[in-house]
Amino acid sequence: MADQAMQSPLGAGGAIDDIVVWSADYLTYRWSDDHPMNPTRLDLTMSLARQLGVLEGIELVAPTSASDQELLRIHTPAYIEAVKRAPDKGLSILHPDQVEHGLGSEDNPVFRHMHEASAMLTGGSLTAAREIASGRARRAVSIGGGMHHAMPDWASGFCVYNDAAVAISWLLDNGFDRIAYIDVDAHHGDGVQHAFLHDPRVLTVSLHQHPATLWPNTGWSSEIGRGAAEGTSINVPLLPGTGDRLWLRAFHAIVPGAIAAFRPQVIVSQCGVDSHREDPLADLSLTVDGQNAAFLAMRDLADAHSEGRWLAVGGGGYGLIRVVPRAWTHLIGAALGRGVDALAPIPDEWRDRVRAMAPSVDLPQVMGDGGDVDFPVWDGPGGAVDGSGEPADRALERVDSAIIATRRAVFPLLGLDPEDPRD
């Protein structure tokens, strides 16, 4: 690591804050009134976190918008100009033959001030990165980020600018040369993987619904990076229906060993929560409890291997009222070291506000779903009951098949034994 990062007070007992990056401008990233990615989820998250006391005494850090020069770290000049010009061409969804750079499609309809809103989300992740690199922050969370599908010259999957990739690129130029990116969204983190597919300084790890069953249909275990970066792309595809215990089994069978071998100086986490069992766009079966267990695990990995440096961003999640606000309040609590009890009641004030907005929604009573996060630890190949007809055994066998396929694809390239559960 360069001198700038080595001199961070993180290693010298300095007073370090854990921060939340937030601006009401995040709410301008609004595709359309009926689009599944509605910024109401962000507003309700911050409201819930405040009313639960998670943000008490916390001064929110205001982001600055990403400049064109910063966006050029990942995106092409022609694409940035196309995003700027897109609203001038009208706000209707275009015929597929007329779509350019992915702008104007059903997934990515053009909206007013698209460039400004997208640059602000990216600026939030950059602000978090700068606070960590400077030593002013140890952990930083910006729930407006996580636009992990955006490609260099193409809007994709509700994502215009790839904020996580831009932030990682900035960190690489500002004192860090080993960065781990962990993506727990139900959809494969394809845009970030693409950005660093050839870069051995960045380890990308994605746990997602199996690409044979969900867009973007990438993220097979055989995708391991290219050239000098072989072994630095790790993909864990999990079948529909995978719930807390087996998802966490897969996570802990692969991610801690890979992180320990890579020895990152910063961990960046994309914390999409469309893995929830109620999400309308995906088919995994996690609860808010399982998602919080994943957030805490990633935070603990940063504490163990990266001197606590953890940059967490949002991502997918389309259970706008019942799921996202609770899950990301847990995320904010994890980043601030202010854990939220799963049995904590939802404040009446928040419930009253939401009931006025959406009277037909059956609101949750507490901050958890009663999920079981006591996962069975992976103990090597053959741990599942072979040939059993019991549904639980078949599910375990399928998850273990995914675990060993990923370990065999990538662990030897990291100097690890794919068959040894100690690695």
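Quick notes on the rules
- Residues numbered from 1 in each chain as written.
- Predicted model: local features only at pLDDT ≥ 70, side-chain atom pairs only at ≥ 80, totals over all residues.
- Heavy atoms only, no water.
- Helix = DSSP H or I, 4+ residues; strand = E, 2+ residues; numbered from the N terminus.
- Contact = heavy atoms within 4.5 Å.
- Axes fitted to C-alpha atoms, helices over the stretch in contact; angles between N-to-C directions.
- Parallel < 35°, antiparallel > 145°, perpendicular 65-115°, else oblique.
- Left-handed = near helix turned anticlockwise from the far one by under 90°.
- Nonpolar A, V, L, I, M, F, W, Y, C, P; charged D, E, K, R; others polar.
- Pairing = 2+ DSSP bridges.

(A) Representation of the environment of G157. Positionally, G157 belongs in the loop between strand 2 (137-142) and helix 6 (163-172). When the C-alpha positions of G157 and M37 are compared, they lie 10.0 Å apart, and in sequence the two are 120 residues distant. Setting aside anything within four residues of it in sequence, one finds G157 in contact with N108, H149 and W215.

(B) Seen up close, the packing of helix 2 (residues 40-51) against helix 10 (residues 324-336). Axis separation between helix 2 and helix 10 bottoms out at 8 Å; the angle between their running directions is 55°. Relative to helix 10, helix 2 is oriented oblique. Considering how the two elements wind past one another, helix 2 and helix 10 form a crossing that is right-handed. The segment helix 2 lies against helix 10, with R41, L42, L44, T45, M46, L48 and A49 engaging V324, P325, R326, W328, T329 and I332. Of the residues in the contact of helix 2 with helix 10, the class split is nine nonpolar, two polar and two charged.

(C) Spatial organisation of the sheet that holds strand 1 (residues 17-20). Spatial ordering of the open sheet is given by 1-2-7-6-3-4-5, a layout of seven strands whose pairing is parallel. Only two strands of the sheet have a single neighbouring strand rather than two, namely strand 1 and strand 5 (233-238). Put simply, the sheet's adjacent strands are angled 10° from each other on average, direction ignored. In this structure, strand 4 (residues 202-209) lies alongside strand 5, joined through six bridges in parallel fashion. When the sheet's bridge partners are listed, Q209 is paired in strand 5 with L238. Set on the sheet, helix 8 (residues 244-262) makes contact with strand 3 (179-183), strand 4, strand 5 and strand 6 (266-270); between it and strand 4 the angle comes to about 175°.

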